[in-house]
Amino acid sequence: MSMVWDKLIDISEKMKYELEEISHVEQQHDFPWPALSYYNPNLFRRADLDIIDAREERKLWMMHLVVYPHLNDPAPIYGFDVIAGPKKVTGAFHDFSPVDPNHFMMSEFHERAAKFIPSKKRELPEWARNIFSGSMISAGNVRDGDELQELLDLCFINLKYHINNIGGSTENNYTKEHNWYAINQKKNPHTPRVMENMGVEPDEVRRYIDTCLFPEVT
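Cut-offs and rules
Residues numbered from 1 in each chain as written. Predicted model: local features only at pLDDT ≥ 70, side-chain atom pairs only at ≥ 80, totals over all residues. Heavy atoms only, no water. Helix = DSSP H or I, 4+ residues; strand = E, 2+ residues; numbered from the N terminus. Buried < 20%, exposed > 50% of the residue type's maximum accessible area, 1.4 Å probe, protein only. Polar contact = N/O pair within 3.5 Å; in protein donor to acceptor, adjacent residues only side chain to side chain. Contact = heavy atoms within 4.5 Å. Pairing = 2+ DSSP bridges. Axes fitted to C-alpha atoms, helices over the stretch in contact; angles between N-to-C directions. Parallel < 35°, antiparallel > 145°, perpendicular 65-115°, else oblique. Left-handed = near helix turned anticlockwise from the far one by under 90°.

Peer 1: Explain the side chain of His 29 to me, please; I cannot follow it from the model alone.
Peer 2: Structurally, the position occupied by His 29 is in the loop between strand 1 (25-28) and strand 2 (35-40). Judged by relative accessible area, His 29 falls into the buried class, the value being 11%. A distance of 2.7 Å separates a polar atom in the side chain of His 29 from a polar atom in the side chain of Ser 37. Excluding its chain neighbours within four sequence positions, the residues that come into contact with His 29 are Ala 35, Leu 36, Ser 37, Arg 46 and Cys 212.

Here it is as structure tokens:
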């Protein structure tokens, strides 16, 4: 048994439960793995939870979670991505990506994120610096169970905080900011590389990234 995988599967189930409890609609996308979108007309325009379980074939497990506020809500975009083998998390990324940098949730995220110091911090490329906050958590080579649990607890607490505080309404429209987030996320070369290493065909990877992971608002 893998302690790393056990912890990740447990947190994925807890996050899924939180989203299901408050969602009015759930959509299963047509991919050969759980690719779910949740919708709530009062809180968020969509929340995507995707898991690729290739433990038996490739010794890898990956999860992606992003929660997009409605387009008239200046709240940040919640994001959490993790990829792990049986003995370590090779990469974990968590952020409140700012839509309005002055939104009150950003200061709370900065304060919470500052308390977690990863043993190995991963440097961010330009596309990531374009959209992530200055407090974005980027951790690699996480082997220690306590460090992993601290990270997962933080991501879960922040998810609950995020969904409890989004839903604000303004006269502004933040489509441009949401699309800027999606455009830059699609420049990430690691996502398609990891998915192909997990046995997903390149064309399917591209369709997944463009239509499910990071669709632009038209």
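Picking up after the structure, the text goes on.
Peer 1: How should the sheet that holds strand 3 (residues 44-54) be read in this particular structure?
Peer 2: Working definition: the strands of a sheet are paired by backbone hydrogen bonds and lie parallel or antiparallel to each other. Taken in spatial order, the seven strands make up an open sheet running 1-2-3-4-5-6-7, and their pairing is antiparallel. Where the open sheet ends on each side, the last strands, each with one partner, are strand 1 and strand 7 (137-139). Across the sheet, the axes of successive neighbouring strands diverge by a mean angle of 10°, strand direction being ignored. Where strand 6 (residues 89-97) and strand 7 come together, three bridges link them in antiparallel fashion. Pairing of Phe 93 across the sheet is with Ser 138, part of strand 7.

Peer 1: Explain the packing of helix 7 (residues 190-197) against helix 8 (residues 202-213) here, please?
Peer 2: For any two helices packed against each other, the geometry comes down to the angle between their axes and how far apart the axes lie. Packing of helix 7 against helix 8 leaves a shortest axis separation of 10 Å and a crossing angle of 130°. Of the possible angle classes, the one that applies to helix 7 and helix 8 is oblique. Viewed along their axes, helix 7 and helix 8 form a crossing whose handedness is right-handed. Touching Thr 191, Pro 192, Met 195 and Glu 196 of helix 7 are Pro 202, Val 205, Tyr 208, Ile 209 and Leu 213, all from helix 8.

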